[in-house]
Every structure is written in structure tokens, then in C-alpha cells.
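Summary of the model geometry
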Amino acid sequence: AFYSWGYLLRRSIATYLDIDTTELEIGYGISPVTHKPEIFIVEKLENGSGYCNYLSGRKYANVPFDAMIKPLLEGGYLYEHLLNSQHRDSCLSSCYDCIRDYSNQQNHALLDWRLGLDLARLSANHSAEISFNVDYWKDMLDKNLVYLLRKRHFNIKIKDELYLACDDNFQIRGVIVHPLWSAEYINGLLDKYDMGNVEIISIFELTRSLY
């Protein structure tokens, strides 16, 4: 999720600054201060161009929002590009029309633009909904989950907000979960619907079966 968000940010920044994405590199690590995961941006030109200093907002307070947050919110140019039907319907996780390129090929199987958008929305609003009710997730599951589950010899069943995996007798064998949901939240859902011992199937892992 963090790498995906990072490469979305890199594309947003490159468009905002009118530079090539290859002029910036994205990294991931755990902050020694907060002990939480974070991404960082590094300029790749030998002597630097001052992009990161400019993006910090120390001189122009509006720049961080305009360059890194606004483009990835509903109505932003990159958000609208990602949700354009031509891209949305053909890209289950990542492609060269969104966040893949030659420089990050080692991470292609890890990238998912929908997870990146989730973090982008959280960066603007820490209370943003992270669920399959969000348009870009619901659309993807409604159109592709039947096929993805068949690869694991499951059928699909929908119960309220839950997407379930069933056997041929339509007995519930698993529940599809979002990768950013906590174990506590998932256990709460299982208790709410009295599902007992079922397989927890991350939509991230389910789409990786395509690689």
C-alpha cells in the first residue's frame, strides 16, 4: 500500500512540477521517530534541483496539498484518470498506465493503485472510509470477484457489506477482507455475522494469484 501510494505521489508531483517521474525516487521505511511506516522522496539528479525543498511547503504553504494530496482526491486529475472506465475496468492492480514503469519493475507484483488511493484519502482525512463500499473497490469486486474466487474453486456470496467465499454447496468457507483492516475489526465482523472459523482471504492476495 505504501509503495503504491508513493508511486502515485511521484506521478502527481511530476505532473505538478512538469518533470519526468525518473527524476524522483520513492523509498519506504519505518520512521525512527514515530515507529510507523512512511514513504520518502529522493531527487535523482546528481546535484539536486531543489524539488524536495520546494515540496516541503516551507516557502509556499499550499504546495504540499496542491502537488501531493489534491490530485489524488475525487475531482483531482490523477484520481479521475485512475477511475476513468477505460483504465478502471482493465487494471485489477497496476499497469503501465498508472504506477508501473521500468524503474519499479522489481515491485510490480506488490503494487495496487486502489490501495494507494486508500492511503491518499487517509492522508487528507484520517477518518476516510476504508471499505469495499468505496466506488473503485466495489466496482472491481462486483466485476471480478467471481472469476478470482473460481481460481480457488470457490463461489461468491454477498451478505450485507461482506463478500464471502462458498463451496459448491454454498457453505461459507471464507470472507474477503481489505488489507488495511485490523485483526480486531475483522474479528468484529466475524462475530457480528456469527461465521465462526472461516478462512480470511485478503483481496490483495487474491489478485496476486494472477501473477
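Each remark here, short or long, concerns the structure printed above.
The structure contained in this document is the topic of the report that follows. (Residues numbered from 1 in each chain as written. Predicted model: local features only at pLDDT ≥ 70, side-chain atom pairs only at ≥ 80, totals over all residues. Heavy atoms only, no water.)

**With respect to helix α8 (residues 183-192)**
Three or more residues of α8 are buried, namely Ile186, Leu189 and Leu190. Buried positions in α8, seen along its axis, are confined to an arc of 100° and lie on one side of it. Projecting away from the buried face of α8 at angles above 90 degrees are the exposed residues Glu184, Asp191 and Lys192. Tucked into the core, α8 has its buried residues touching β4 (162-166), β5 (172-177) and β6 (199-202). Just downstream of α8, Asp194 is the residue with a positive phi angle, here 50°. (Buried < 20%, exposed > 50% of the residue type's maximum accessible area, 1.4 Å probe, protein only. Helix = DSSP H or I, 4+ residues; strand = E, 2+ residues; numbered from the N terminus. Arc of directions from axis to C-beta. Contact = heavy atoms within 4.5 Å.)

**Some points on the side chain of Asp167**
With respect to the element layout, Asp167 can be found in the loop between β4 and β5. The exposure class of Asp167 is buried, given its relative accessible area of 15%. Side-chain polar atoms of Asp167 contact the backbone nitrogen of Asn169, separated by 2.9 Å. Dropping the residues within four chain positions of it, Asp167 is found in contact with Asn155 and Arg173. (Polar contact = N/O pair within 3.5 Å; in protein donor to acceptor, adjacent residues only side chain to side chain.)

**A word on the sheet that holds strand β3 (residues 155-159)**
If you walk across this open sheet you meet the four strands as β3-β4-β5-β6, and the pairing is mixed. Strands at the two margins of the open sheet, each flanked by one partner only, are β3 and β6. Taking each pair of neighbouring strands and ignoring which way they run, the sheet shows an average axis angle of 35°. (Pairing = 2+ DSSP bridges. Axes fitted to C-alpha atoms, helices over the stretch in contact; angles between N-to-C directions.)

**Topic: the pairing of strand β1 (residues 24-30)**
Pairing between β1 and strand β2 (residues 37-43): seven bridges, direction antiparallel. From the neighbouring strand, Tyr28 faces β2, where its bridge partner is Ile39.

**Quick word on the packing of helix α6 (residues 113-124) against helix α7 (residues 135-150)**
Running from N to C, α6 and α7 point in directions that differ by 160°, and their axes come no closer than 10 Å. Between α6 and α7, the interaxial angle falls into the category roughly antiparallel. You can see that α6 and α7 cross each other, and the crossing is left-handed. The residues of α7 that touch α6, namely those facing Trp113, Arg114, Leu115, Leu117, Asp118 and Arg121, are Tyr136, Trp137 and Met140. (Parallel < 35°, antiparallel > 145°, perpendicular 65-115°, else oblique. Left-handed = near helix turned anticlockwise from the far one by under 90°.)

**What about the packing of aromatic side chains?**
In the structure shown here, the tally under the stated rule is 11 aromatic pairs. Residues Phe2 and Trp5 carry aromatic rings whose centres are separated by 6.3 Å and whose planes lie at 65° to one another, so their mutual orientation is edge-to-face. Here Phe2 and its partner Trp5 are both found in helix α1 (residues 2-17), three residues apart, which amounts to about one turn of the helix. With a centroid separation of 5.8 Å and an interplanar angle of 65°, the aromatic rings of Phe132 and Trp137 are classed as edge-to-face. Assigned by exposure class, Phe132 and Trp137 land together as buried. Feature note: the residues Trp113, Phe132, Tyr136, Trp137, Tyr163, Trp181 and Tyr185 constitute an aromatic cluster, connected by ring pairs. Just above the ring of Phe204 sits the side chain of Arg208; from NZ or CZ to the centre is 4.1 Å. (Phe/Tyr/Trp six-rings, centres within 6.5 Å; stacked < 30°, edge-to-face > 60°. Lys NZ or Arg CZ within 6 Å of the ring centre and 35° of its normal.)

**Remarks on the nonpolar core**
Among the nonpolar cores identified, the biggest contains 61 residues, and Trp113, Leu117, Trp137, Ile176 and Ile203 are the most heavily contacted of them. Not counting residues within four places of it along the chain, the set of residues in contact with Leu117 comprises Leu8, Leu72, Tyr79, Leu82, Leu83 and Tyr136. (Core = buried A, V, L, I, M, F, W, Y, C linked by side-chain atoms within 4.5 Å.)

**Description of α7**
Its 16 residues give α7 an end-to-end C-alpha distance of 23 Å, which sits within 8% of 22 Å, the value for a rise of 1.5 Å per residue. Bending of α7 peaks at approximately 55° at the position of Asn144. (Expected span 1.5 Å × (residues − 1). Bend = angle between axes of the 7 residues up to and from the residue.)

**A closer look at the packing of α1 against α6**
Closest axis-to-axis distance for the α1/α6 pair is 7 Å, and the angle between their directions is 75°. It follows that α1 is roughly perpendicular to α6 by the angle criterion. Where α1 abuts α6, its residues Phe2, Ser4, Trp5 and Leu8 lie against Trp113, Gly116, Leu117, Leu119, Ala120 and Ser123.

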